[in-house]
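# Secondary and tertiary structure notes
This is what each chain is made of:
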Amino acid sequence: MIERFVKHATFIVERTYAAPPERVYNAWADPIAKGKWFSKPDIFEFRIGGREYSSGGPPEGPIFTFDASYQELVPEQRIVYTYTLDSDDIRISVSITTVELIEVDGGTKLIFTEQGAFFDGHDTPEVREHGTNIMLDALGKLLEGEI
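Residues numbered from 1 in each chain as written. Predicted model: local features only at pLDDT ≥ 70, side-chain atom pairs only at ≥ 80, totals over all residues. Heavy atoms only, no water.

Turning our eyes to something else, we now look at the pairing of strand 7 (residues 107–119). Most of strand 7 is tucked away, with 11 of its 13 residues classed as buried. Note that strand 1 (residues 6–17) and strand 7 share 12 bridges and pair antiparallel. For Thr10, the partnering residue across the bridge sits in strand 7 and is Gln115. Where strand 6 (residues 90–104) and strand 7 come together, 12 bridges link them in antiparallel fashion. Along strand 7, the bridge assignment pairs Ser93 with Phe118. Hairpin connection, strand 6 to strand 7: the antiparallel pair is bridged by two residues, and Gly106 has positive phi, about 80 degrees. (Buried < 20%, exposed > 50% of the residue type's maximum accessible area, 1.4 Å probe, protein only. Helix = DSSP H or I, 4+ residues; strand = E, 2+ residues; numbered from the N terminus. Pairing = 2+ DSSP bridges.)

A separate point is a negative patch on the surface. Taken together, the side chains of Glu22, Glu76, Glu103 and Asp105 make up a negatively charged region of the molecular surface. Mapped onto the elements of the fold, Asp105 is located in the loop between strand 6 and strand 7. (Patch = residues over 30% accessible without salt bridge, like charges linked within 9 Å, V, L, I, M, F, W, Y side chains within 5 Å. Areas by Shrake-Rupley, 256 points an atom, 1.4 Å probe, with all protein chains shown as cover. Salt bridge = Lys/Arg side-chain N within 4 Å of Asp/Glu carboxyl O. Lys, Arg positive; Asp, Glu negative; His and termini not counted. Charge placed at Lys NZ, Arg CZ, Asp CG, Glu CD.)

Here it is as structure tokens:
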């Protein structure tokens, strides 16, 4: 029998970008822009109750499936979504994510808070936080015009 367990965790990642909140928000709200720093969505309905879905991964596998539902959208200020993440056919986590955008001198402070349930050791909060840091660095490169 496979041992089943859940690890609950919350992590917070902060970035400050030299771009106004409108531009940062639009990088999340526009599917073409989001595809440049996150993943190209197969389904993208950026509205409360809307869905974002993408599936892909390295050629050698596994296939990761991100399936999100938008819970709260406050233009230029806040994005809240829940999502599941699967690796091939295995559900590895369920999370709620809050993205806060705060106008600061010269740009936007982004506060990314994820509260997750990580299943059976298939993923860990530490690995997810590391991936989130890479993702938010890529967002910064997009905002700086590097990608």
